[in-house]
Amino acid sequence: MPEFRAMRAKADFLTRCMTPDIATELTLQPIRRFGMDGAILFSDILILPWAMGQSLEFVEGKGPVLGAIRTAQDLAKLDRNRIAEATAPVLETLSRLHKTLNGVENIGAAKAGATTLLGFTGSPFTVACYMVDGGSSREFAVTRDMAFSEPALFDKLMALLTETTADYLCAQIEAGAEAVMLFDSWAGLLPPSEFRKHVIAPTRQIVKTIKAKHPTVRVIGFPRLGGMLVPEYARETGVDVVALDTGADLSLARTLIPEHIGLQGNLDPLAVLSGGEAMRREALSVRNAGKGRAHVFNLGHGVLPQTPVEHVEELVKTVRETE
């Protein structure tokens, strides 16, 4: 969106995430333009390790670059006591958004109180991938090797992330988030035994902690590329909604995932990039596959940066139209 590009030119990505005036505006821009039902906090899944003292830089054309955690000494340098102060701007952003979305200010296309405010963070395994490898990767081989060859060290890192992730999401809820989402973008890299240990088990503990403090708040889990293990994830973690990636068959998934668990997804972002009749056909197919079931229409992954704004406008119109 042109309004997003204008804000992007004013500050680097991390500064935008950690400046409430900017993060609030960027969260509200798609709500003003499209009147969407969910406002997603403008932030990043790597805020938590950064808040504990791990170096983090976002490099144009490369993505996140972190000071890699490879030894027990590296891990010991992380300080969970820094999190509350470091993430205070994020919580301030959520507080402002909560007030705005509930009618204190005019937000244009959306009606006051009609837009759910969603907080989020990365799931422990996915965040660990970036922390150990030190940045983006196709395979995150260093992280997966540590899980096998140095299980005690990796388990200690995962325990730290599980506890702090739960606490961070609870803090987001207390600041105003009405639902929260866990992004496990690299869950599909793991074999079944490791998936159960490093994806299902931590998610179950996080959900348990959240529900003990905030029993009515909905938790969305996204075990991306989890394939045949997604139904087990849905049954075992306690999440209220399972987000499905582009490769999942929504019609099949609904027969395998318990009825009381909602589904989210899963239009291919490339269909939105293409637009036109192809996008309309795919969007209606996803919408129809979710009928008769709690279903949040969404993409199977993020909107591609080069997607024309007009295509998103047409998508929202298509999904909302009556038959």
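From a predicted model like this one, the values you see are computed outputs, not experimental measurements.

1. Structural notes on the UniProt feature "domain: Uroporphyrinogen decarboxylase (URO-D)" (unreviewed entry) in the protein chain
UniProt records the feature "domain: Uroporphyrinogen decarboxylase (URO-D)" (unreviewed entry) at residues 118-134, using the numbering of this structure. Annotated as 59% helix and 29% strand, the span residues 118-134 places its first and last C-alpha atoms 28 Å apart.

2. Quick look at the nonpolar core
By size, the foremost hydrophobic cluster in this structure holds 101 residues, and its most contacted members are Phe-125, Phe-195, Ile-210, Val-242, Ile-257 and Leu-267. Of all the elements, helix 10 (residues 151-175) adds the most residues to this core, at 12 residues. Discounting chain neighbours no more than four positions away, the residues touching Phe-125 are Thr-143, Arg-144, Phe-154, Met-158, Asp-184, Trp-186, Ala-187, Leu-190, His-198 and Val-199.

3. A short note on the packing of helix 15 (residues 276-289) against helix 16 (residues 309-320)
Interhelical geometry of helix 15 versus helix 16 gives an angle of 40° and a closest axis separation of 10 Å. Classified by the angle their axes make, helix 15 and helix 16 are oblique. For the element pair helix 15 and helix 16, the recorded crossing hand is right-handed. Residues Met-279, Arg-280, Ala-283, Leu-284 and Arg-287 of helix 15 touch helix 16, and the partners they reach there are His-311, Glu-314, Leu-315, Thr-318, Val-319 and Arg-320. Here the residues of the contact of helix 15 with helix 16 sort into five nonpolar, two polar and four charged.

4. Side note on the pairing of strand 4 (residues 116-122)
The buried count for strand 4 comes to six of seven residues, which makes it a mostly enclosed element. Two strands pair when backbone bridges link them, and strand 1 (residues 38-40) and strand 4 are joined in this way by three bridges, in the parallel orientation. Paired with Ile-40 across the bridge in strand 4 is Leu-118.

5. Section: the packing of aromatic side chains
All told, the structure shown has seven aromatic pairs when counted by the stated rule. Between the aromatic rings of Phe-13 and Phe-42, the centroid separation amounts to 5.7 Å while the plane-to-plane angle is 65°, which identifies the pairing as edge-to-face. In this pair, Phe-13 is assigned in helix 2 (residues 13-17) and Phe-42 in the loop between strand 1 and helix 4 (47-51), connecting sequence segments 29 residues apart. Considering the side-chain rings of Phe-13 and Phe-58, the 4.7 Å spacing of their centres and the 70° angle between planes classify their relative orientation as edge-to-face. With Phe-13 in helix 2 and Phe-58 in strand 2 (residues 56-59), the pair connects residues that are 45 residues apart, well separated along the chain. Judged by relative accessible area, which is 21%, Phe-13 ranks as partly exposed. Counting every residue linked through ring pairs, the aromatic cluster contains Phe-4, Phe-13, Phe-42 and Phe-58. The ring of Trp-186 has Arg-224 sitting right over it, with the charged end atom 5.5 Å from the ring centre.

6. Considering unusual backbone geometry
Look at the link from Gly-265 to Asn-266: it is a cis peptide, with omega at -10°. With respect to the helices and strands, Asn-266 occurs in strand 8 (residues 262-267). With phi around 45°, Phe-140 is a residue other than glycine that occupies positive phi space. As for its position among the elements, Phe-140 is in the loop between helix 8 (124-133) and helix 9 (141-149).

7. Thoughts on the pattern of salt bridges
Tallied over the entire structure, the rule returns 16 salt bridges. A salt bridge links Lys-197 to Asp-155; the shortest N-O distance between them is 3.4 Å. Residue Lys-197 is found in helix 11 (residues 192-213), and its partner Asp-155 is found in helix 10; the two are separated by 42 residues along the sequence. With relative accessibility at 38%, the residue Lys-197 sits in the partly exposed group. Residue Asp-155 is classed as partly exposed on the basis of its relative accessible area, which comes to 30%. Linking Glu-259 and Arg-293 is a salt bridge whose minimum nitrogen-to-oxygen distance equals 3.9 Å.

8. Thoughts on the environment of Ala-39
Relative to the helices and strands, Ala-39 is located in strand 1. Given a relative accessible area of 0%, Ala-39 falls into the buried group. On a C-alpha basis, the gap between Ala-39 and Gly-176 in space is 12 Å, while along the polypeptide they are 137 residues apart.

9. A closer look at the pairing of strand 6 (residues 218-223)
The buried fraction of strand 6 amounts to five of the six residues, a majority that puts the element mostly inside the structure. Bridge analysis of strand 5 (residues 179-184) against strand 6 gives six bridges, and the strand direction is parallel. Considered in strand 6, the bridge of Leu-182 is made with Gly-221. Handedness of the crossover joining strand 5 and strand 6 through helix 11 is recorded here as right-handed. Across two bridges, the pairing between strand 6 and strand 7 (residues 241-243) is parallel. Paired with Gly-221 across the bridge in strand 7 is Val-242. Between strand 6 and its parallel partner strand 7, the chain crosses via helix 12 (residues 230-237), and the hand of that crossover is right-handed.

Rules of the game
Residues numbered from 1 in each chain as written. Predicted model: local features only at pLDDT ≥ 70, side-chain atom pairs only at ≥ 80, totals over all residues. Heavy atoms only, no water. UniProt positions renumbered as here; feature names shortened; annotations may be inferred. Helix = DSSP H or I, 4+ residues; strand = E, 2+ residues; numbered from the N terminus. Core = buried A, V, L, I, M, F, W, Y, C linked by side-chain atoms within 4.5 Å. Buried < 20%, exposed > 50% of the residue type's maximum accessible area, 1.4 Å probe, protein only. Contact = heavy atoms within 4.5 Å. Axes fitted to C-alpha atoms, helices over the stretch in contact; angles between N-to-C directions. Parallel < 35°, antiparallel > 145°, perpendicular 65-115°, else oblique. Left-handed = near helix turned anticlockwise from the far one by under 90°. Nonpolar A, V, L, I, M, F, W, Y, C, P; charged D, E, K, R; others polar. Pairing = 2+ DSSP bridges. Phe/Tyr/Trp six-rings, centres within 6.5 Å; stacked < 30°, edge-to-face > 60°. Lys NZ or Arg CZ within 6 Å of the ring centre and 35° of its normal. Salt bridge = Lys/Arg side-chain N within 4 Å of Asp/Glu carboxyl O. Right-handed = clockwise from strand over helix to strand, strands pointing away.

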